[in-house]
Amino acid sequence: MSAGSVSTTYLELSQEDGAAHKFYEVVVDGAVVTVRYGRIGAAGQTQTTTFPTADKARSAAAKKVGEKVRKGYAPAVAGQRAPRSVTRRQVASAPSTARAVAPVLWRFRTGSAAFGIHVDDDRCWVGNQTGDVFTLDHDGGVLARFSLPDGVKCLVADDFWIYAGCDDGRVYDLSSKLPFAAYDVAADVDIFWLDIHEGVLNVSDRDGRLTVIDHEDEHQWARRSQGEHAWMVRADDRAVYHGHQSGVTAYAPDGSGELWHTPTRGGVLFGWQEQDAVYAGTAHRAVQRLSKATGTVEATYACDSAVYSCATSPGGRFVFAGDASSSVYCFDRDGTRLWKLGTGGGSALSMQYRDERLYLVTTDGSLVCVDASEAAVSAAQQGTVPVARDVKLAEALPTYEPATAAAAMPSVSRAPAGAIVVECVRTSGRLRVHVVSEGYDPSWNVQFPRTIREPGARYVVDDLHAASGGFYRVRGEIRRLL
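Remember, it's a predicted structure, so these values are computed and weren't measured experimentally.

**Student:** Before we go on, may I ask you to explain the overall build of the protein chain in this structure?
**Tutor:** In terms of helices and strands, the protein chain carries 2 helices and 41 strands. Against the 2.2 N^0.38 benchmark of 23 Å for 482 residues, the protein chain shows a C-alpha radius of gyration of 24 Å, consistent with a compact globule. Expressed along its principal axes, the backbone C-alpha trace of the protein chain runs to roughly 75 × 50 × 50 Å. Counted over contacts in the protein chain with a minimum sequence separation of 6, partners at least 24 positions apart contribute 49%. Summed over its atoms, the accessible surface of the protein chain is roughly 20600 Å², and 46% of this surface lies on carbon and sulfur atoms. The centroid of the 51 positive side-chain charges in the protein chain is displaced by 4 Å from the centroid of its 57 negative side-chain charges.

See below:
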């Protein structure tokens, strides 16, 4: 309590199993109530509401505090509990020893160290440590910016959906203009990498653990692998592939047990997958291709420095690698090195190949587009490269921020033609979302952001897709139905 009409109530919920590590603060200043909430140690999200009178403001604040206390929050002193552990990859980037520089078409500087990348049919995505995610077209034109609350660990795709895993422990769905937190990872998990398959989140962490969370953001199972510093996790219908200091371990998707374990040439620093193989980039200067069925090492791609990232062309016809010395490599399927070129900048922390172009995120925070066609690489080896174009931000760039409460959502008074109506209902003590519109199974749950669920509320969504696990996933914008 402070002097005058200003009062502050600060609460925390920190569970021993790490499932929750959150704070909730309510400040009443006359007729104005300011609520701040989020992960302990983070700045969190803020909402301010002005009431007609100071009495109504105090009454509303008391109601908010009472709701949180009933959920297990307790009075605390800010700063006494430690925040969640966050490890940023400590990387060194030496100059390339390659005699030629890669044919870089364009370069976009994000303004901060960057690690996340994804390239699809329409756009290139890059996320950095200030929480910015930019989308660009394939020619380098900047389209939009997503402003997230914390640094981006990685960007992953699951069919139509694009997700950003952040240092605040949340995984944000960026598939529509209004991003939202789809998953909330336990505070004791120091996230290194994420993958999502059919709505199931797989998290690898500093301690060498694999944590699996279902589409309802509820913990399913966890395993600790033989090595720490697990920088790789990839998943498909067959298994979850976990790469760490001691190699790669494959687990059954339902958590029933280990399928195989294969030691690699050095600790795993990055992972990639194709239909029948996983690729592990290692600290001992190699990428190794492992059979998904048996874990057998099928091929080794030798580099000249520790491998920070790797990728393949479709079907694994060509294998690419980026090392700690600012070089990028191309191999044929069997492991023969076809070329080595300098990036013209830093080392590639992530990469992806698409349509004869290799997209890199480098240690200086740049998204780089390399012409990986045979003609362009051949010319580069002879010393002829294009002049790389520096991409600039548009003056009026569309910027999107996550919705942190139902009040912040866009709303409609009636459902537009063709839209789908869903409703938030309480089932077995939990708030679930079911479909109201005809043509859908009303017993199936809808994967829906927890932060905007309110009992009895109805929402309009653009589209729903059935997932193999027996639930629906939202595609497109979510609006509240008034």
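**Student:** Help me understand the pattern of salt bridges in this model?
**Tutor:** Pairing is possible between side chains that carry opposite charge, provided their charged atoms lie close to one another. Under the counting rule described, the total for this entry stands at 24 salt bridges. Between Asp390 and Arg109 there is a salt bridge; the shortest N-O distance is 3.8 Å. Separated by 281 residues along the polypeptide, Asp390 in strand 34 (residues 389-391) and Arg109 in strand 6 (residues 104-109) bring together distant segments of the chain. The partly exposed category is assigned to Asp390, whose relative accessible area is 39%.

**Student:** Hey, could you run me through helix 2 (residues 374-381) in this one?
**Tutor:** An α-helical segment advances 3.6 residues per turn. Residues three or four places apart therefore align on the same side. Within the sequence span of helix 2, burial applies to Ala376, Val377 and Ala380. Projected down its long axis, helix 2 carries its buried residues within an arc of 95 degrees, all on one side. For helix 2, exposure combined with an orientation more than 90 degrees from the buried face picks out Glu374 and Ala375. Buried residues along helix 2 sit in contact with strand 30 (337-342) and strand 33 (366-371).

**Student:** Can you walk me through the nonpolar core in this structure?
**Tutor:** It is characteristic of soluble globular proteins that their nonpolar side chains tend to be buried jointly. Counting 84 residues, the largest nonpolar core has Leu201, Leu358, Val422, Val446, Phe448, Leu464 and Ile478 as its most contacted members. Among the elements that line this core, the one with the most residues is strand 15 (residues 191-197), at 5 residues. Sequence-distant contacts of Leu464, that is, excluding residues within four places in its chain, are made with Ile420, Val422, Val435, Tyr440, Val446, Tyr472, Arg473 and Val474.

**Student:** Which parts of the structure should I look at to understand the environment of Glu274?
**Tutor:** Looking at where Glu274 falls in the secondary structure, it is placed in the loop between strand 23 (268-273) and strand 24 (277-282). Between the alpha carbons of Glu274 and Ser291 there is a distance of 10.0 Å; along the sequence they are 17 residues apart. What Glu274 contacts, discounting residues up to four positions off in sequence, is Tyr279, Lys292, Thr312, Ser313, Pro314, Gly315 and Gly316. A polar contact of 2.5 Å, which involves the side chain of Glu274, links it to the side chain of Thr312. In terms of polar contacts, Glu274 uses its side chain to reach the backbone amide nitrogen of Gly315, at 3.3 Å.

Procedures and definitions
- Residues numbered from 1 in each chain as written.
- Predicted model: local features only at pLDDT ≥ 70, side-chain atom pairs only at ≥ 80, totals over all residues.
- Heavy atoms only, no water.
- Helix = DSSP H or I, 4+ residues; strand = E, 2+ residues; numbered from the N terminus.
- Rg over C-alpha atoms; globule rule 2.2 N^0.38 Å.
- Contact = heavy atoms within 4.5 Å.
- Areas by Shrake-Rupley, 256 points an atom, 1.4 Å probe, with all protein chains shown as cover.
- Lys, Arg positive; Asp, Glu negative; His and termini not counted.
- Charge placed at Lys NZ, Arg CZ, Asp CG, Glu CD.
- Salt bridge = Lys/Arg side-chain N within 4 Å of Asp/Glu carboxyl O.
- Buried < 20%, exposed > 50% of the residue type's maximum accessible area, 1.4 Å probe, protein only.
- Arc of directions from axis to C-beta.
- Core = buried A, V, L, I, M, F, W, Y, C linked by side-chain atoms within 4.5 Å.
- Polar contact = N/O pair within 3.5 Å; in protein donor to acceptor, adjacent residues only side chain to side chain.

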